[in-house]
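# Chains, contacts and geometry: an overview
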Amino acid sequence: MPYSDDRDTWFEGQGLWAHIPASDWQSWTWQLKNRLTSIEHLEQYMTLTADEKAGCLFASHKLSLAITPYFFNLIDRNDPDCPLRKQMIPREGETQVSSEEMLDSLGEDEHSPVPGLVHRYPDRVLFLVTDRCAAYCRYCTRSRLVSNAQDYNFHPEYEQGLRYIESHPEVRDVLLSGGDPLLLSDKKLEHLLVRLREIKHVEFIRIGSRIPTFLPQRITPALCDLFKKYGAIWMSIHVNHPKECTQELKNACERLSYAGVPLGNQSVLLKGVNDDTDVMKALVQRLLRMRVRPYYIYQMDLITGGSHFKVDVRKGIEIIRALRGHTTGYAVPQYVIDAPGGGGKVPINPEYLEEINDKEVVFRNFEGKQFRYPLTTTPLPKKAEIEMPVEDLRIH
Ligand SMILES: *Cc1c(COP(=O)(O)O)cnc(C)c1O
Ligand code: SF4
């Protein structure tokens, strides 16, 4: 059955936690303290499948289990195929490692001049400022270090990272990521922003965060004030499915927008979650309504134990083809593969171009109709010049 989005419904409310005071519910520290982190904890609210139980037992060695009460409410507890459930609750597939998979599939450690800093592209760096997240995605690219379940012992060295950026004038763009940078206290964030703003050659600062999706309560007025004060700061949020687009997320995006933070979205293409043209179309259209511009769709990286999430690249191309021309241009993200081993993000596009030679370009439009654009210019004989009337501009 094709996915159909109830476009007028934006989930809101406290769901299973209707009995607690709204002030607790709205507190991001309450949400963090009350995360669901164990089988026993989950089983208070739902029946896990054998597949999920096996996954949970293994999870503690790979990537911690944690789900905020806010996000847990969005999971369909009666449907093991719920796309949000698959992202959050471990399954046995995680224990299956394939020969193509790697712990550090993007070769980040190799491109790391100092711990926590990845300098792959000429003019920008990725600055990993924490290994903690509000909740953990089972397909996480950085599961080797995130949550420290694998004893990677990641200790971000802010000073070393900042000194590296200071001494590299070619770095004009700094991307704060992790983990989730918005889990840092306002004070720590402010310290980082102040230091980065002091570096003259850093002209672009952005934050990659899944906090708006997992913990919209963290987008407090005080945090928004920081962004106003040290802006312009851009943000890439991370939403994979239209069901994640709730009233709370919409409100959080609005607060960020009003603080002058331009918002983009990154999705990971995941089997049984969003590998579907109708799901993706509903997602990108909801994102626009939340003032978020779809930025990237990632082909999933070759992370260990991730094969149960792997989608055929031809499906990704089909999704882009189903969007381009069929919906608002702003809604169409760029589909990329982050080249294994550390080649950077490479765009993967449907083929519209059929032929190009000295005379013409032959291509197809979104409906599959063929068009030609001539590259030649053949001047026609000039017409006799016509006397044009000149407007009288004198002031009377
Ligand atoms: C994704 C990424 C960036 C940012 O890339 P953009 O295409 O500019 O969004 C920078 N550095 C690293 C190492 C990355 O993985
Ligand atoms: S929020 Fe990002 S860094 Fe954290 S677990 Fe999810 S994908 Fe990984």
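Residues numbered from 1 in each chain as written. Chains lettered and ligands numbered in written order. Predicted model: local features only at pLDDT ≥ 70, side-chain atom pairs only at ≥ 80, totals over all residues. Heavy atoms only, no water.

To continue, consider the overall build of the chain. Across its full length, the chain holds 13 helices and 12 strands. By principal-axis analysis of the C-alpha atoms, the chain measures approximately 90 × 55 × 50 Å. Considering the chain as a whole, with its 396 residues, one finds that 50% of them fall into the buried category. Restricting the contact set of the chain to residue pairs at least 6 apart, pairs at least 24 apart contribute 75%. For the chain, the accessible surface area stands at approximately 19700 Å², while carbon and sulfur atoms represent 52% of it. One finds the centroid of the 49 positive side-chain charges in the chain at a distance of 2 Å from the centroid of its 54 negative side-chain charges. (Helix = DSSP H or I, 4+ residues; strand = E, 2+ residues; numbered from the N terminus. Buried < 20%, exposed > 50% of the residue type's maximum accessible area, 1.4 Å probe, protein only. Contact = heavy atoms within 4.5 Å. Areas by Shrake-Rupley, 256 points an atom, 1.4 Å probe, with all protein chains shown as cover. Lys, Arg positive; Asp, Glu negative; His and termini not counted. Charge placed at Lys NZ, Arg CZ, Asp CG, Glu CD.)

With that settled, consider the pattern of salt bridges. A complete count under the given rule lists 27 salt bridges for this structure. Between arginine 286 and aspartate 5 there is a salt bridge; the shortest N-O distance is 2.8 Å. Here the residue arginine 286 occupies a position in helix 12 (residues 277-289), and aspartate 5 occupies one in the segment before helix 1 (22-25), the gap between them amounting to 281 residues. Residue class for arginine 286 comes out buried when judged on its relative accessible area of 4%. Where aspartate 109 meets arginine 144, a salt bridge forms, and the shortest distance between an N and an O atom there is 3.1 Å. Of the two residues, aspartate 109 sits in the loop between helix 6 (83-88) and strand 1 (117-121) while arginine 144 sits in the loop between strand 2 (124-128) and helix 7 (158-166), which places them 35 residues apart along the sequence. The exposure class of aspartate 109 is partly exposed, given its relative accessible area of 36%. (Salt bridge = Lys/Arg side-chain N within 4 Å of Asp/Glu carboxyl O.)

So, about the sheet that holds strand 12 (residues 370-374). One key point about sheets: their strands pair by backbone hydrogen bonds, in either a parallel or an antiparallel sense. Taking strand neighbours across the sheet as the criterion, the 3 strands line up as 10-11-12 in an open arrangement whose pairing is antiparallel. On the outer flanks of this sheet lie strand 10 (353-356) and strand 12, each paired with one strand and no other. Averaged over all adjacent pairs, the angle separating strand axes in this sheet is 15 degrees, with direction ignored. Relative to strand 12, strand 11 (residues 360-364) is paired through 5 bridges, and the arrangement is antiparallel. Counted as the bridge partner of valine 361 is tyrosine 373 from strand 12. (Pairing = 2+ DSSP bridges. Axes fitted to C-alpha atoms, helices over the stretch in contact; angles between N-to-C directions.)

Before going further, it helps to spend a moment on the site of ligand 2. Around ligand 2 sit Cys133, Tyr136, Cys137, Cys140, Gly179, Arg210 and His238, and those are all the residues in its vicinity. Residues that form the shell around ligand 2 fall into these classes: 4 nonpolar, 2 polar and 1 charged. (Near = heavy atom within 4 Å. Nonpolar A, V, L, I, M, F, W, Y, C, P; charged D, E, K, R; others polar.)

This brings us to the domain arrangement of the chain. For the chain, the assigned domains read domain 1 (15-92) and domain 2 (109-347). Centre-to-centre separation of domain 1 and domain 2, based on C-alpha positions: 22 Å. Of the residues lining the interface, 31 residues belong to domain 1; the matching set on domain 2 comes to 37 residues. Approximately 2800 Å² of surface area, both sides summed, lies buried where domain 1 meets domain 2, with 57% of it carried by carbon and sulfur atoms. Contact with domain 2 buries area across many residues of domain 1, yet Trp28, Lys62 and Gln87 alone supply 28% of it, more than any other trio. The interface formed by domain 1 and domain 2 holds 0 salt bridges in total. Contributions of two or more residues to the side of domain 1 that touches domain 2 are made by helix 2 (28-33), helix 5 (69-72) and helix 6. When residues of the side of domain 1 that touches domain 2 are assigned to their parent elements, the largest contribution, 5 residues, is made by helix 6. (Domains from an automatic or database assignment. Buried area = accessible area lost by both parts, 1.4 Å probe.)

Below, the discussion takes up a nonpolar patch on the surface. On the surface, Leu353, Ile356, Tyr373 and Leu375 cluster together into a nonpolar patch covering about 410 Å² of accessible area. Inspection of the secondary structure puts leucine 375 in the segment after strand 12. Leucine 375 sits in the partly exposed class, given a relative accessible area of 42%. (Patch = residues over 30% accessible without salt bridge, like charges linked within 9 Å, V, L, I, M, F, W, Y side chains within 5 Å.)

What follows covers the site of ligand 1. Taken together, Val118, Arg120, Tyr121, Arg124, Leu126, Leu175, Arg206, Tyr295, Tyr296 and Lys345 make up the full set of residues adjacent to ligand 1. For ligand 1, an oxygen atom lies 2.5 Å from a polar atom in the side chain of tyrosine 296. With respect to ligand 1, the side chain of lysine 345 contributes an N or O atom lying 3.1 Å from an oxygen atom. For ligand 1, the protein covers 91% of the area, taking 390 Å² as the surface of the free molecule. Sorting the residues of the shell around ligand 1 by element identifies strand 1, strand 2 and strand 7 (292-299) as the ones contributing at least two each. (Polar contact = N/O pair within 3.5 Å; in protein donor to acceptor, adjacent residues only side chain to side chain.)

Let us look at the packing of aromatic side chains. The tally for this structure, following the rule as stated, stands at 10 aromatic pairs. Centroid distance tyrosine 296 to tyrosine 298: 5.4 Å. Interplanar angle 55 degrees. Geometry classified as tilted. Of the two residues examined, tyrosine 296 and tyrosine 298, each falls in the buried class. Each residue in the set Trp17, Trp25, Trp30, Tyr45 and Phe72 is aromatic and connected to the rest through ring pairs, giving one cluster. Cation over ring: lysine 250 sits above tryptophan 10, and NZ or CZ is 4.4 Å from the ring centre. Over the ring of tyrosine 352 we find arginine 321, and its NZ or CZ is 5.5 Å from the ring centre. (Phe/Tyr/Trp six-rings, centres within 6.5 Å; stacked < 30°, edge-to-face > 60°. Lys NZ or Arg CZ within 6 Å of the ring centre and 35° of its normal.)

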